[in-house]
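# Tertiary structure, described
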Amino acid sequence: MAKKRKSKSGSSAATNSASASASTNEEEQQLHQKESINHDGSDSDDSSSSDDDSLVLEGVLIRNPDASDSDDDDDDEISSEEEEEPTKKKAKKPNLKTDTTKSKGGKNTNTNKNQNAKKQKSQNEPEMIQVEFLFCDMNERFFHGMKTLLHRFSIHAPHSSQLADLIIENEMVGTVLSSDIDEEKKPSSKKSTNTAAAASLPLQQEANVFGFASIINVTTNHSSPCIQALKSLCLKYCPTQHKAEMETVLSGKTKRPAGFFFQERMVNVPLEITEVLHQQLVLDMDHAVATADDEAERKSLDFGAFVRLAPCYKGEGGGTANSVIYKYFDDEVFSTNAEFVYNFEAPKNYEGDEEELWCSVIVLTKTGHRAAMKDLKKMIHVG
């Protein structure tokens, strides 16, 4: 029984061992299968990875050539950007060099600033013009210049053309302040066969007039409309205390004739030139009397009185005889040596003219005129 039990136990043990061995075999097989599976998986992974690696290599080399290009481009762009930064900084240096230059002493000077400073300095400084003044006899080439000067004064503006013609015709007594004609504007004799016509044409068109002075006889020119207009204007505004004297002076019945004293010029004419202009007028009168053709002409040129219509501005006294400001300083000298003076408001040249210009009527004798010339000389040459 015991053996049987042993046998039984042995058989069971054998069966147990067999089952255990079977189970172990099964487990080993399962493990082996798992290992094989794992090994296969690893192999497959390795193969896949190797395949993937080969794909990546193939993609880089064959399938996707743009990838390397894009990477290279990016690298190139990055490198180019890194290179552009110093080049941009370098590009600014030439601009700085163009703005500044180095002087001999080693200091930097800004050429643009220097040029601008020179321009501003030249603009601020007054421009000096060298002019050669000529004292000329009356000529038709001075017509437009004389008319322009006469037209500035509203008293002469309505008949400035007639007055200019009348003054030019009075060749014996009158001086024009002009300048030399520009040589470049003169026609060349090579270009024109008629030299006389070519010489006269530019003189009529290009003559400059800076001033003039003349005396027009009231008696011999009494029929002229402009002289009649000036006579009526003087009598219209003449005060009652001087009206009888004024009528006598302008009547033409005096022993020596009276004359209207015309004198117009640019305001900025030098004082010395103004004095010479008046001196030339005195020399013209003396020369005309000395070289007259006959007695009648000599008497017509031997003036005993002068009537000057001077432009002026109203002063603080409201336009009285001693309260006006003369446009020309020499008219004040003439007024201080005059027989009598009276003022009236001159009409405006055009509507909207804000300038209140007055007219001062100065009546001088020949003696008073010569005394004024001496005072004028003292005033200018006071130093």
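This text goes with the structure placed above it.
Structure report, in brief. (Residues numbered from 1 in each chain as written. Predicted model: local features only at pLDDT ≥ 70, side-chain atom pairs only at ≥ 80, totals over all residues. Heavy atoms only, no water.)

## Examining the overall build of the chain
Looking only at helices and strands, the chain features 12 helices and 10 strands. Across the 383 residues in the chain, those meeting the buried criterion constitute 32%. A separation of at least 24 residues holds for 74% of the contacts in the chain among residues at least 6 apart in sequence. In the structure as shown, the chain presents an accessible area of about 24,800 Å², 51% of it carried by carbon and sulfur atoms. (Helix = DSSP H or I, 4+ residues; strand = E, 2+ residues; numbered from the N terminus. Buried < 20%, exposed > 50% of the residue type's maximum accessible area, 1.4 Å probe, protein only. Contact = heavy atoms within 4.5 Å. Areas by Shrake-Rupley, 256 points an atom, 1.4 Å probe, with all protein chains shown as cover.)

## Here's the deal with the packing of helix H9 (residues 271–290) against helix H12 (residues 366–380)
Viewed as axis vectors pointing N to C, H9 and H12 meet at an angle of 155°, and their least axial separation amounts to 10 Å. Overall, the two elements H9 and H12 adopt an arrangement that is roughly antiparallel. Note on packing geometry: the crossing formed by H9 with H12 is left-handed. Residue-level contacts link Leu271, Glu272, Glu275, His278, Gln279, Val282, Met285 and Asp286 of H9 to His369, Arg370, Met373, Leu376, Lys377 and Ile380 of H12. Looking at the contact of H9 with H12 residue by residue, the classes come out as 6 nonpolar, 3 polar and 5 charged. (Axes fitted to C-alpha atoms, helices over the stretch in contact; angles between N-to-C directions. Parallel < 35°, antiparallel > 145°, perpendicular 65-115°, else oblique. Left-handed = near helix turned anticlockwise from the far one by under 90°. Nonpolar A, V, L, I, M, F, W, Y, C, P; charged D, E, K, R; others polar.)

## As for a negative patch on the surface
On the surface, a cluster of negative charge is contributed by Asp137, Glu140, Asp165, Glu169 and Glu171. As for its position among the elements, Glu169 is in helix H5 (residues 160–169). We classify Glu169 as exposed; its relative accessible area is 61%. (Patch = residues over 30% accessible without salt bridge, like charges linked within 9 Å, V, L, I, M, F, W, Y side chains within 5 Å. Salt bridge = Lys/Arg side-chain N within 4 Å of Asp/Glu carboxyl O. Lys, Arg positive; Asp, Glu negative; His and termini not counted. Charge placed at Lys NZ, Arg CZ, Asp CG, Glu CD.)

## Notes on the pairing of strand S6 (residues 258–265)
Regular strands place side chains that alternate from one sheet face to the opposite one. Of all the 8 residues making up S6, 8 are buried; the element is thus mostly covered by neighbouring parts of the structure. Residue alternation in S6 divides its side chains into two sets, Ala258, Phe260, Phe262 and Glu264 and Gly259, Phe261, Gln263 and Arg265, and both sets are buried. Taken together, the 4 bridges between S6 and strand S7 (residues 305–314) define a ladder with parallel strand orientation. When the bridges of S7 are listed, Ala258 appears paired with Ala305. (Pairing = 2+ DSSP bridges.)

## Concerning the nonpolar core
Grouped together as the largest cluster of nonpolar side chains are 42 residues, with contacts concentrated most on Met146, Cys234, Met246, Phe260 and Val307. Here this core gets 5 residues from one element, more than from any other, and that element is H5. Beyond its immediate stretch of four places on either side in the chain, Cys234 contacts Met246, Leu250, Phe260, Val307, Leu309, Tyr342 and Val361. Core analysis: the second largest hydrophobic core is formed by 31 residues, Ala213, Phe261, Leu281 and Val282 among them. (Core = buried A, V, L, I, M, F, W, Y, C linked by side-chain atoms within 4.5 Å.)

## Observations regarding empty space enclosed by the protein
As enumerated under the stated definition, the model contains 3 cavities of 30 Å³ or more in all. Size it by volume and the largest cavity reaches roughly 40 Å³. Lining the largest cavity are His156, Leu230, Phe260, Phe261, Phe262, Gln263, Val307, Arg308 and Leu309. Counting residues per element, the ones that place at least two in the lining of the largest cavity are S6 and S7. Element by element, the count of residues in the lining of the largest cavity is highest for S6, at 4 residues. Looking at the lining of the largest cavity residue by residue, the class counts come to 6 nonpolar, 2 polar and 1 charged. (1 Å grid on protein atoms, 1.4 Å probe; cavity = no way out; pocket = protein on both sides within 12 Å on 5 of 7 lines; lining within 4 Å. Points joined across faces, edges and corners; volume = space filled by probe spheres on them.)

## Things to note about the layout of surface pockets
A volume near 220 Å³ is recorded for the largest pocket. Residue lining of the largest pocket: 14 residues in total, with Glu169, Asn170, Thr220, Asn221 and Leu301 positioned closest to the centre. Here the lining of the largest pocket takes 3 residues from strand S5 (residues 211–217), the largest share from any one element. Looking at the lining of the largest pocket residue by residue, the classes come out as 7 nonpolar, 5 polar and 2 charged.

## Quick look at the pattern of salt bridges
Applying the stated criterion to the full structure yields 7 salt bridges. A salt bridge links Asp302 to Arg256; the shortest N-O distance between them is 3.8 Å. With Asp302 in the loop between helix H10 (295–301) and S7 and Arg256 in the loop between helix H8 (240–251) and S6, the pair connects residues that are 46 residues apart, well separated along the chain. The exposure class of Asp302 is buried, given its relative accessible area of 17%. A salt bridge links Glu295 to Arg298; the shortest N-O distance between them is 2.2 Å. Within this pair, Glu295 and its partner Arg298 are both found in helix H10, separated by 3 residues, close to a single helical turn. Judged by relative accessible area, Arg298 falls into the partly exposed class, the value being 27%.

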